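# Chain and residue survey
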Amino acid sequence: MKKFTDRQHHENTEPQKRPETVRATEKAFNQYFEMIGRKDFKQFYYDWHIDDMIEPFAELTEYFVRKYPERTAEHFDEFVKEFTQSVDNYNIDSEKFCSVKNGIYHKDRELSQIIDKIETFSFELRQFSYSFMQENDYVSEFGNWVYKPNYPYSHLHGLSLSVDVLNRLSENFNYMNNGLIAENTRCTADSFLRHKLAPQYRYRHGYTYQSRKNATARFVALRNRMAQEYKSGQYNQYGDYFQIETHHRTKFGTYRPNGFELEFYVPAEYGDYGKLIDYLKAKHGWKKVYTTNKDPSVYNDEKAAGVIERDESLAAMAGLAPVEYASRIMKSSKDEKECLKIMDSFDKGYANVHCSLHQHVSAAGFDLNTYKRLVKRMMQHESFIVDNFAAPERRNNRLLYATYISRNLSANGTRDYPFLCTMADMCDNLNELRDMVGFGHKYKTLNIMPSKTVEFRYMNANFNKHYVAAFLQFNRDFVNSAVTNSGTHINRPLANRFNWMQNLAEDDKTVLGQLSYYYQSPYDQFRPNKTVDAHTIHEEHVYARHIADAMSHTGKFGYYNSWFKKKVRDASARA
């Protein structure tokens, strides 16, 4: 297990003047915001990532120009018709037919690989849209079921849109094929998606495909330069701006109001949650347990242990029923000890890889600079924190309902950190910071969307009470350190003592159930460059149907088939 170690940095007082590259980056952003007509970090992320999304279409047209130098447009049109027919025959209920290329017979190895990439475009489309598009455009395209980014038939929705893109390319093929086929394809596909999918990001006077490309290339160069300068130690004297740790001791252990949410399973007989609550009250001596949190004041009831509900994101398992326990607001170690009795409720604690342990920590006294410090520190230490506390089945691309805030620009957030610091510092209010950190959504390791708390979402559910208590203290210490702007950011002795390996050796209570439908490529990771296979697609949709069933069972949310809505909409447009 890799131990936390203090980084060696100079402790000079930060001068007022920012590094030249920081000032150049701020200038580039100001020019970009002027170009798009508003300050919008979500649109910046869209512009940053759209090229990776559309690249497979550029590879496809380039392939046809090389493969068929004569009658190229006709060959391309024939392929589009074959692709369209394959999508029409697509069957996500059968793994055998969960691949577009299976229905395309005229293909070599290169074309087969390109088709896989277009399928990945379709697989990633809803997550991309959910993360980076404006809410009105997203709801208009996908319907009003925006609470979870995954749901049945979302991939078919993406495939249907890929057919639209291919038809647009086919209609304009001869015009595009003027020696710059790949770049013309990128421009056409990009403009089409903005018109069809993201109209608030449409190109207009002063904001064009080429000006956007130039701006993105400039940002990439600045990101790379800042990463190199940061790594070489050129920024050591700018301690506050880049939240560089010092050797100044931090007093850890101060109790800050907080609460936790534990998702787990109980024996099926307690699927009657009234019976479960009666059992918990009798076993632990709890005076009161609520059955709903629609009125948030229930968390302030010091006579109540918290709230027991059916968790809307957990599918039922054989012989077990899903449940979520949300503690009351804990203001002392005594409160925490009382609420942690949930860990002792049964001889065994049942969970699976989808069960999470979330913690809300009070944001009382925060100003904008406090939020910025906390965000920067989380981005800097995020990988270490997750690796230390989260079990292997929950790391990297399997955090579930949470993604790394340090990886908003790339899969490896390390080199992005100083650039992201500048983005955070440019935020003039909390709403801008929320868009910069999480695109306005809560599904991040650090969620700053709540009005009165910040939420940590990276932990897997377990029933080792001492380990859970350490996790709760670690996050409180982390928040307190940012609030007081202390030199040491994280409680390393605590982290080193209570890491996942220690928990694995000691925890004889948690029973981790495996899911036969566990998907291999989680929906909540935006990774357009990683192709997905038929098995991954099929398993994802099996899982999505289970989630849709679970959410419908609670009555909180209804399943909405956006693919069917799109089919009806397209048919009406053709009529």
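Bear in mind that the values here come from a model prediction, so they are computed numbers and not experimental data.

### A closer look at the confidence of the model for the chain
Summary statistics for the chain give a mean pLDDT of 90 and a share of 92% for residues scoring 70 or more. Considering only residues more than four positions removed or in separate chains, one finds that residues 4-15, a stretch of pLDDT under 50, has 32 contacts.

### Comments concerning unusual backbone geometry
Phi angles above zero are rare outside glycine, and R71 is one such case at about 50°. Structurally, the position occupied by R71 is in the loop between α2 (41-67) and α3 (72-88). Notably, Q243 is not glycine yet its phi reads approximately 45°, a positive angle. Checked against the element boundaries, Q243 lands in the loop between α9 (209-231) and β1 (258-267).

### Considering the packing of α2 against helix α13 (residues 417-425)
Running from amino to carboxyl end, α2 crosses α13 at an angle of 150°, the nearest separation of the two axes being 12 Å. Looking at the two axes, α2 sits roughly antiparallel to α13. When you trace α2 past α13, the crossing you get is right-handed. Residues F41, F44 and Y45 of α2 form the contact with α13, whose participating residues are F419, L420 and M423. Residue classes in the contact of α2 with α13 are distributed as six nonpolar, no polar and no charged.

### As for the side chain of T188
Looking at the element boundaries, T188 is found in helix α8 (residues 181-196). Not counting chain neighbours up to four residues away, the residues in contact with T188 comprise R168, L169 and M176.

### Things to note about helix α6 (residues 154-171)
Between its first and last C-alpha, α6 extends 26 Å over 18 residues, near the 26 Å set by a 1.5 Å rise per residue. Most of α6 sits out of view: 15 of its 18 residues are buried.

### Remarks on the state of the cysteines
Considering all chains together, one arrives at zero disulfides under this definition. In this structure C421 is a free cysteine whose sulfur lies 12 Å from that of C427, the closest cysteine sulfur available.

### Quick look at the environment of G274
Along the polypeptide, G274 turns up in helix α10 (residues 273-284). Of the residues examined, G274 reaches a relative accessible area of 36% and is grouped as partly exposed. Residues G274 and I308, 34 residues apart in the sequence, show an inter-C-alpha distance of 9.1 Å.

### Overview of the packing of aromatic side chains
Under the defined criterion, the tally for this structure stands at 52 aromatic pairs. Arranged with centres 6.2 Å apart and planes meeting at 40°, the rings of F389 and Y467 form a pair that is tilted. Of this pair, F389 sits in helix α12 (residues 368-389) while Y467 sits in helix α15 (residues 465-484), and the two are 78 residues apart along the sequence. Taking the relative accessible area as the measure of exposure, F389 reaches 0% and is therefore buried. With a relative accessible area of 2%, Y467 lands in the buried category. Above the face of the Y270 ring, K275 is positioned so that its terminal group lies 5.8 Å from the ring centre.

### Comments concerning the pairing of strand β6 (residues 356-362)
The buried count for β6 comes to seven of seven residues, which makes it a mostly enclosed element. Every second residue of β6 is oriented toward a common face, with S356, H358, H360 and S362 on one face and L357, Q359 and V361 on the other, all of them buried. Looking at chain direction, β1 and β6 are connected through five bridges and run antiparallel. Considered in β6, the bridge of L262 is made with L357.

### Here's the deal with the nonpolar core
Core analysis: the largest hydrophobic core is formed by 158 residues, its most contacted members being F44, F83, F242, F260, M436 and V454. Among the elements that take part in this core, α2 stands out by supplying 12 residues, more than any other. Contact partners of F44, with chain neighbours within four places excluded, come to F29, Y32, F219, L409, F419 and M423.

### Here we look at the packing of helix α1 (residues 20-36) against α13
The geometry of α1 relative to α13 is characterised by a closest axis approach of 10 Å and an angle of 55° between their N-to-C directions. Of the possible angle classes, the one that applies to α1 and α13 is oblique. Classified by chirality, the crossing of α13 by α1 is right-handed. Residues V22, T25, E26 and F29 of α1 touch α13, and the partners they reach there are F419, T422 and M423.

Reading the values: the criteria
Residues numbered from 1 in each chain as written. Predicted model: local features only at pLDDT ≥ 70, side-chain atom pairs only at ≥ 80, totals over all residues. Heavy atoms only, no water. pLDDT = per-residue confidence, 0-100. Contact = heavy atoms within 4.5 Å. Helix = DSSP H or I, 4+ residues; strand = E, 2+ residues; numbered from the N terminus. Axes fitted to C-alpha atoms, helices over the stretch in contact; angles between N-to-C directions. Parallel < 35°, antiparallel > 145°, perpendicular 65-115°, else oblique. Left-handed = near helix turned anticlockwise from the far one by under 90°. Nonpolar A, V, L, I, M, F, W, Y, C, P; charged D, E, K, R; others polar. Expected span 1.5 Å × (residues − 1). Buried < 20%, exposed > 50% of the residue type's maximum accessible area, 1.4 Å probe, protein only. Disulfide = S-S within 2.5 Å. Phe/Tyr/Trp six-rings, centres within 6.5 Å; stacked < 30°, edge-to-face > 60°. Lys NZ or Arg CZ within 6 Å of the ring centre and 35° of its normal. Pairing = 2+ DSSP bridges. Core = buried A, V, L, I, M, F, W, Y, C linked by side-chain atoms within 4.5 Å.

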